[in-house]
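# Observations on chain architecture
Here are the chains, one letter per residue:
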Amino acid sequence: MRYLPLSDQNRAEMLGSVGVASVDDLFADIPAAAKAKAKFDLSNTMSEMEVERVLSAVAAKNLNASQAPSFLGAGNYRHHTPASLDYIIQRGEFLTAYTPYQPEISQGTLQAIYEFQTQVALITGMEVANASMYDGATACAEAATMACRVTKRAKVLVSGSVHPHYRDVTATALRFMDMNIECLAPDPVGIEDLIGRVGPDLACVIVQTPGFFGHLNDYTALAEACHAAGALLVICVAEPVSLGLLKSPGAMGADIVVGDGQSIATPTCFGGPGVGLFTTREKFIRQMPGRLAGETVDENGRRGWVLTLSTREQHIRREKATSNICTNSGLIALAFSVHMTLLGEAGFRRLAELNHAHAALLADKLEALKGVKILPTAFFNEFAVQLSKPAAPVVEALAKRNILGGIPVSRFYPTYPELENILLLTATEMNTEADIDILVNALKEVLS
Amino acid sequence: MINTITTSGHRALQIEQPLIFELDTGGSTAVDLPAAPKVRTRLGDLRSDKPIGLPGLSEPEVVRHYTRLSQKNYSIDTGFYPLGSCTMKHNPRLNEKMARLPGFADIHPYQPQSTAQGAYELIDTLAHWLKTLTGMPAVAMSPAAGAHGELCGLMCIRTAHEANGQGARKLVLVPESAHGTNPATAALCGYRVESIPATALGRVDINAMRAKLSSDVAAVMITNPNTCGLFETECIEIAQAVHAAGAYFYMDGANFNALVGRVRIADLGVDAMHINLHKTFSTPHGGGGPGAGPTVLSAALAAFVPVPFVVRGANGFSVVEHAGTGAAQKSFGRMKGFQGQFGVFVRALSYILAMGVDGLRQASGDAVLNANYLRVKLSAELTPAFDGICMHEVVFDDSFLKNTGVSTLDVAKALIDEGFHPMTMYFPLVVHGALLMEPTETESKATLDQFIASLLALARKAKQGDQAEWFKGSPRLAPRRRLDEIQAARKPVLRWRKADVNVAVTKQAAE
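Reading the values: the criteria
Residues numbered from 1 in each chain as written. Chains lettered and ligands numbered in written order. Predicted model: local features only at pLDDT ≥ 70, side-chain atom pairs only at ≥ 80, totals over all residues. Heavy atoms only, no water. Buried < 20%, exposed > 50% of the residue type's maximum accessible area, 1.4 Å probe, protein only. Helix = DSSP H or I, 4+ residues; strand = E, 2+ residues; numbered from the N terminus. Domains from an automatic or database assignment. Buried area = accessible area lost by both parts, 1.4 Å probe. Salt bridge = Lys/Arg side-chain N within 4 Å of Asp/Glu carboxyl O. Polar contact = N/O pair within 3.5 Å; in protein donor to acceptor, adjacent residues only side chain to side chain. Core = buried A, V, L, I, M, F, W, Y, C linked by side-chain atoms within 4.5 Å. Contact = heavy atoms within 4.5 Å. Pairing = 2+ DSSP bridges. Disulfide = S-S within 2.5 Å. Phe/Tyr/Trp six-rings, centres within 6.5 Å; stacked < 30°, edge-to-face > 60°. Lys NZ or Arg CZ within 6 Å of the ring centre and 35° of its normal.

Here we take up helix α6 (residues 181-188) of chain B. All names here are of chain B. In terms of burial, α6 is a largely internal element, seven of the eight residues being buried. Within α6, burial applies to Thr181, Asn182, Pro183, Ala184, Thr185, Ala186 and Leu188. Backbone geometry just downstream of α6 places glycine 190 in the positive-phi region, at approximately 85°.

Printed below as a string of structure tokens:
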């Protein structure tokens, strides 16, 4: 087997050194009752070309976005990946390194994390960011539990603007910690009243911008109301490209900002792995979950970086840790950081402008259609539309025409019949005007 | 003492590299984009034109920046990485190539299910391998990493207890040798934690465990092979005692790589076990992640599996996405966005297919052989913490360093200058000054012999006496000498700021 360097001669010599007759003798501690008796009914070793053949055939069963115009989003976005980005993250020194516990020989990873933390803090308008969580949904759950720790309160309010996966994962986490959560109904029209619900029992209010249905909201007044009640405001950002163009959550007064960096870091990859972004105010750093890289000096006084404040973490604090997270999303955080570095301020703004322009162009063309109503008046690169008929069969009909034409909201909210006709559409820099015309013309036919 | 040998501060291939923020050339970008179509913008009053503060660099500058950073890292591609409990094995590039097929990389988790049949098939095929290799009837695929898989298992356990009228059970027992994620996970699941002592043979003290079992115990979490690198020989008896007390048996599968193809986990009496795809099935660690932690479940727990999960029907595959109805009637809910770590699944299946069941069995055998070879050869100077054969990793204590003034940490730092990544240090906690080494099956005998020669020489040097100062000065040849971790924690500087701003904020954070 090509991944195993020991030759039979090596094995024989080594068994001799160890003083046993066979490899099986090394497994003598295993009870006979648990030893695998019969051979497993699974395939044997394959050459590289055989594996490629098998997996390529499986991949070919999927309709991928390079074969069909795609307008899908809902927290997972298709953006262009610069060639140098994939080259850099495939360098073995990044790809095949472990967590940087030995700082003298991990300065590359540590400096990259420090740069990542700074970039994430800058674009969210926050003071500090950690080295990453698994994804946006788990980062949101961590924000809720951190808010409970900080405020010593046990109730969380979730807006109907929040991505249903973020909401569900947060609800799961809080339920098992015996905390309370109130989730408001999905809010496609953007009319819910949050300020009126803020009270002295709340640990935090969780909102999202751009919202799940595409609305853009300024949460400055909500932040003030939360702070007056001693609660924190958590703002989720599922599409961080929006931060190139929009008022930052930090500027609105958020105490914790979480999100998913997938859209900037990686292709859509069927939804994972992403990278959870987690930021907060400096005064809360000792309550933060996750790893942190910090600046220091070595014995010669030279600047360097280490993992720091690890007394918050499970390997030191065990059951009193701020989280159980160990493995995070390191390589995807690096990809996020490399892409942000490639873009720079000018490129990041231009990318955001381009996304919004394509979405606005799509909206302009859709507004000319009968049976389509765009719900948000302000949006970034994604918006909900109300159709004249149920959205799920419309999407199926579009798929038959080789178009990935949005996501029926009913797939997230099957128990809300009033959402049955709502379709979620996204346009990024990847959707050309020709793509947009294909979708609009097909939609016109399907709806007629 | 700053380097004064060169005017640049660089030392040949070791090149000092500033932060990207210090390289800012103002307004540059490495990404050229087409012009935006002229349209009416619809941003309401949320548009912001305030500067963000991101640096601008050209493509050659960015590529050089990260290439230079990469050269300051140790990695499995460049050398031996015997970190115990971390399983740093070779990461085949075939896996990366497969994960980048457009049919896997360029698909969306919410495209119509009829257009994603290959994705569901891939998840189902990987699930089939994991279930067959463990003999377990069900697997939850969505956990994102090992600790997340532990959480999945305990959430299934708590939900099962509540469904059976046993919700009052509030205690989880964890051996004192356990990885920190075990107690941290139990706490996140609403449980109190009590620890079980180890015997002098490095195993769970089954009598001490029995004494703690009661109607208050929800689960016992045991790592097997344990963090001392030893198989829990009384595992089946432990499972029987746990079940007799009405509790569930969680086996931490971080070390499953020692058992693949040789032990059927189901026959050990396990109710739940996570599998670290990034360890056992060789998906890259990436400097900290991502991983994936699918959790196999017994028949008693299978109904509580989190959503989403893939099911096979007459018309192909579909995915169950909502708890509380149909096949997910008893599901505890959702714990991860979308479909789990799909990109990691592709890499793991690529590795599994390449190895095959025969190759996987050979791999666990070679991993255990390599660890035992280290154990025997290093015992010439080092002191093994436990007698007898070990599994995939071996632990030494620091008694060989007694009265030398040299610590486990010092030996580890000296190994850096020898060109090796240090072993895991001071873990497990039950071994004094532990040095935990896991060679994995992808290291050659020649590499092991080199490592053994270096480590034995260092041990002999320490034992000579009067060498403490030399050891404390290690490493000398790495890109950095030892770093001041106390200062880093006392005055945390967690991000770059323009010089004048940084001083004020650092002061504030320190107060």
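Residues and elements named next belong to chain A. Looking at the assigned domains, one finds that chain A contains domain 1 (83-339) and domain 2 (345-447). Summarising the inter-unit geometry, the C-alpha centres of domain 1 and domain 2 are found 28 Å apart. Carbon and sulfur atoms make up 75% of the area that domain 1 and domain 2 hide from each other, which totals about 1,900 Å². The largest contributions to the domain 1 side of the interface with domain 2 come from Phe212, Phe213 and Leu245, which together make up 28% of the buried area. Viewed at the interface, domain 2 and domain 1 are joined by zero salt bridges. Along the contact surface separating domain 1 from domain 2 lie four residue pairs in polar contact (both at pLDDT 80 or more).

Attention now moves to the nonpolar core. Phe281(B) and Met437(B) are the most contacted members of the largest nonpolar core, which has 124 residues in total. Shared between two domains, this core holds at least three residues of each, these being domain 2 (95-351) and domain 3 (358-486) of chain B. Contacts of Phe281(B), omitting those with residues within four sequence positions, involve Leu130(B), Leu133(B), Phe256(B), Ile275(B), Asn276(B), Ala348(B), Tyr351(B), Ile352(B) and Leu360(B). Of all hydrophobic cores here, the second largest spans 77 residues; its members include Leu95(A), Ala131(A), Phe380(A) and Ala30(B).

Let us look at the sheet that holds strand β10 (residues 383-384) of chain B. Residues and elements named next belong to chain B. The sheet built from four strands is open, its strands ordered β10-β11-β13-β12 with antiparallel pairing. Strands with a single pairing partner mark the edges of an open sheet, and in this sheet they are β10 and β12 (424-425). Of the strand pairs in this sheet, strand β11 (residues 394-397) and strand β13 (residues 435-437) are connected by three bridges, and their pairing is antiparallel. Residue pairing in the sheet places valine 395 in a bridge with leucine 436 of β13.

The interface is formed by 212 residues belonging to chain B together with 195 residues belonging to chain A. For the pair chain B and chain A, the summed buried area comes to about 17,600 Å², and 62% of that belongs to carbon and sulfur atoms. For the chain B face of the interface with chain A, the top three residues by lost area are Arg42(B), Leu46(B) and Leu494(B), together amounting to 5%. For the pair chain B and chain A, the interface holds 20 salt bridges. Salt-bridge contacts for Arg481(B) lead to Glu299(A); the nearest nitrogen and oxygen are separated by 3.7 Å. Linking chain B with chain A are 102 residue pairs in polar contact (both at pLDDT 80 or more). Take the side of chain B that touches chain A: its biggest share by element is 27 residues, from helix α10 (residues 342-378) of chain B.

Further remarks concern the pairing of strand β8 (residues 293-297) of chain A. All names here are of chain A. Where β8 meets strand β9 (residues 303-307), five bridges bridge the pair, whose relative direction is antiparallel. Within β9, the position partnered with valine 297 by the bridge is arginine 303. What sits between β8 and β9 in their antiparallel hairpin is a turn of five residues, with glycine 301 showing a positive phi close to 80°.

All names here are of chain B. By the element assignment, aspartate 410 lies in helix α11 (residues 408-417). Its relative accessible area of 1% is what places aspartate 410 among the buried residues. Discounting residues that sit within four places of it in the chain, aspartate 410 has contacts with Gly405, Phe471, Lys472 and Arg482.

Simply put, the disulfide is a covalent bond whose two ends are the sulfur atoms of two cysteines. The full count for this structure, using the stated rule, is zero disulfides over all chains. Free cysteine: Cys148(A), not disulfide-bonded; nearest cysteine sulfur from Cys204(A) at 6.2 Å. A relative accessible area of 4% means that Cys148(A) is categorised as buried. Of all cysteine sulfurs, the one in Cys228(B) lies closest to Cys235(B), which takes part in no disulfide; the gap is 15 Å. The exposure class assigned to Cys235(B) is buried, which follows from its relative accessible area of 0%.

Moving on, we come to the packing of aromatic side chains. Counted under the stated rule, the structure contains 23 aromatic pairs over all chains. Taken together, a centroid distance of 6.4 Å and an interplanar angle of 55° make the contact between Phe281(B) and Tyr351(B) tilted. Taken as a pair, Phe281(B) in the loop between α9 (277-280) and β7 (295-297) and Tyr351(B) in helix α10 lie far apart in primary sequence, 70 residues in all. The two residues Phe281(B) and Tyr351(B) agree in class, both being buried. Three or more aromatic residues joined by ring pairs form one cluster here, namely Phe212(A), Phe213(A), Phe412(A), Tyr413(A), Tyr416(A), Tyr110(B) and Phe338(B). Here the guanidinium or amino end of Arg411(A) rests over the ring plane of Tyr110(B), the centre of that ring lying 4.4 Å away.

Turning our attention to unusual backbone geometry. Residue and element names in this part refer to chain A. Going from glycine 272 to proline 273, the amide bond is cis rather than trans, its omega being 0°. Note on placement: proline 273 falls in the loop between α10 (262-265) and β7 (276-280). Of note in the backbone geometry, serine 132 takes a positive phi value of approximately 125° without being a glycine. Examined against the element boundaries, serine 132 turns out to sit in the loop between β1 (128-129) and α6 (136-151). A residue is classified by how much of its surface remains accessible, and serine 132, at 1% relative accessible area, is buried. We note that aspartate 178 has phi near 60°; this positive angle belongs to a residue other than glycine. Within the secondary structure layout, aspartate 178 lies in the loop between α7 (164-176) and β3 (180-183). Accessibility expressed as a relative area gives 48% for aspartate 178, which makes it partly exposed.

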